[in-house]
Amino acid sequence: MLNRLTVSELVPQLACRAVSAREATQACLDQIQRVDGRVHAFVSVDAADALRQADAADQALGQGVTHTEKPLLGVPVALKDVIAVKGQPLRCGSKMLEQFVSPYDATVTERLKAAGAVVFGRLNMDEFAMGGSTENSAYGVTRNPWDLDRTPGGSSGGSAAAVAAEECPVSLGSDTGGSIRQPASFCGCVGLKPTYGRVSRYGLVAYASSLDQIGPLGRSVRDVATVLQAIAGWDARDSTSIPQPAENYSALLAGGVKGLRLGLPKEYFVGGLDPEVKAAVDAAVRQLSAQGAELVEVSLPHTEYAIATYYIIATAEASANLARFDGVRYGFRAEGADPIEMYCRTRGAGFGQEVKRRIILGTYVLSSGYYDAYYLRAQKIRTLIRQDFLKAFEKVDVLVTPTAPTAAYRLGEKVDDPLQMYLGDIYTISCNLAGNCGLSLPCGFTASRLPIGLQLLGKPLGEATLLRVGQAFQENTSWHQQRPLTAG
Ligand code: GLN
């Protein structure tokens, strides 16, 4: 079954024309037909448009265009519904954008298309990327392909579930505080959050602009490296994008871990960490050490403030970013007797509960009289958190941690208890606050066969090193080759 192939398996088949892009795309569409009724990773799929792109790829292949020129030629890639694709819906899991169709392509979309990819599907997500379980979507809940009663994680739950259920070989998600890595962990996939500024945010609907990054998810580290290479690099349309050119990540995968220093942050292995997760992460660390990595204990002393800091900064930025949804400029509008009433009704009915909670929180921490006590203070702690990492990276090349404190929990278990939900972000958010890169990859299973994720954290622009460690791990383990029953 073609939908089962990874990108690195599919590309040689496409290149020698044993398989056509149309067949590869059709296989994904068929798999969606078979399983998405149960998983609900996709909010919508424009099959005709996908097949049109596939036919164009086949035509290019027929004319002799190679994968050296277009590395993703004929490869289906599905996108989280927060990334703009011209002519396609862009709903961000929100009723507010129910009727909205994007008038332009995001930079990542443009780059994927330029690399020959078949860009298709709108993947489900927590509304405006706020959440960790994909239960905060106006378009229904996404289920974890490993256990349909459980969450796929979030906010890029659709992106991870679709890859795990083999509905697409790779996808894009966005990560503001863990939204690529945590769902990758819950669904047994690989997910990368690039360094802040490595991938252009142009055409990514903003949640918290100083933290947001787009990144790839896939079933192997190699595939994630291939997609990163296609989307990374400077972009004139994102003023925070890093001028340094992207590296050849695929070529840098080899080399192993011998001689690399891996840091274990002691604050990450304490109370609240599920024993099964800890055991799997410990075993992965022993594995990497057996392969020749040196282990070093390090300290990130401000870790305990990370959640509070993140939920002040992220909500503050969200309250400003979401002000644009006013019933005039975009999407949904509820009429009122005067503009103020229209505005209130629109936002009252257009946004879901979690989004409203965050807008209110964010407005509060920015308001005069509270700004210094909350927002300004959080910015100072953010600097301390960044310095913790800089210090740690003087001693080590990569940090190794769990991605999440638990495996996937049951749907409904935390959605009514925001604080519990926020605590689940403890291992992922500091990386965004510091602007570093982070990778999650499968490293084991719980007794009830739920995937467990290992997180590797790197220095700014340390993607190549992260991917190299991940690749070395996957060459010696088979966790990433396990498949959920739902995939069929
Ligand atoms: N779970 C975190 C939040 O709810 C992270 C979300 C994200 O990375 N987009 O904000």
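Heads up: the structure comes first, above all this text.
Parameters at a glance
- Residues numbered from 1 in each chain as written.
- Predicted model: local features only at pLDDT ≥ 70, side-chain atom pairs only at ≥ 80, totals over all residues.
- Heavy atoms only, no water.
- Core = buried A, V, L, I, M, F, W, Y, C linked by side-chain atoms within 4.5 Å.
- Buried < 20%, exposed > 50% of the residue type's maximum accessible area, 1.4 Å probe, protein only.
- Helix = DSSP H or I, 4+ residues; strand = E, 2+ residues; numbered from the N terminus.
- Contact = heavy atoms within 4.5 Å.
- 1 Å grid on protein atoms, 1.4 Å probe; cavity = no way out; pocket = protein on both sides within 12 Å on 5 of 7 lines; lining within 4 Å.
- Points joined across faces, edges and corners; volume = space filled by probe spheres on them.
- Nonpolar A, V, L, I, M, F, W, Y, C, P; charged D, E, K, R; others polar.

Engineer: In this structure, what is going on with the nonpolar core? I would like to understand it.
Structural biologist: When a protein is soluble and globular, its nonpolar side chains tend to lie buried together. Membership of the largest hydrophobic core comes to 155 residues, with the highest contact counts inside it found for Leu112 and Phe128. With 9 residues, helix H9 (residues 306-321) is the single largest residue contributor to this core. In this view, leucine 112 contacts Leu72, Val77, Leu79, Ala117, Val119, Leu172, Val227 and Ile231; residues no more than four positions away in its chain are not counted.

Engineer: Would you explain empty space enclosed by the protein in this entry?
Structural biologist: To find leftover empty space, a probe the size of one water molecule is rolled over the atoms. A full pass over the atoms with the stated rule returns 6 cavities of 30 Å³ or more. Size it by volume and the largest cavity reaches roughly 130 Å³. Surrounding the largest cavity, 18 residues form its lining, Gly131, Ser179, Tyr310, Tyr311 and Asp425 being those nearest its centre. For the lining of the largest cavity, the elements supplying multiple residues, two or more each, are H9 and helix H13 (418-423).

Engineer: Before we go on, may I ask you to explain the layout of surface pockets in this structure?
Structural biologist: Considered as a void within the structure, the largest pocket measures approximately 400 Å³ in volume. Around the largest pocket sit 22 residues that line it, and Thr6, Arg219, Ser220, His480 and Gln481 are the ones nearest its centre. Those elements giving two or more residues to the lining of the largest pocket turn out to be helix H1 (7-15), helix H5 (157-164), helix H7 (221-231) and helix H15 (463-475). Per-class residue counts for the lining of the largest pocket are 7 nonpolar, 9 polar and 6 charged.

Engineer: Help me understand unusual backbone geometry in this model?
Structural biologist: A negative phi holds for most residues other than glycine; trans holds for most peptide bonds. A cis amide bond links glycine 154 with the next residue in sequence, serine 155, at an omega value of 5°. One non-glycine residue, threonine 134, lies in positive phi territory at about 60°. The residue threonine 134 is located in the loop between strand E3 (118-123) and H5 in this model. In this structure, arginine 449 is a non-glycine residue whose phi angle is positive, near 60°.

Engineer: How should the environment of phenylalanine 325 be read in this particular structure?
Structural biologist: The topology assignment puts phenylalanine 325 in the loop between H9 and helix H10 (339-350). In sequence terms phenylalanine 325 and glycine 173 are 152 residues apart; their C-alpha atoms lie 22 Å from each other.

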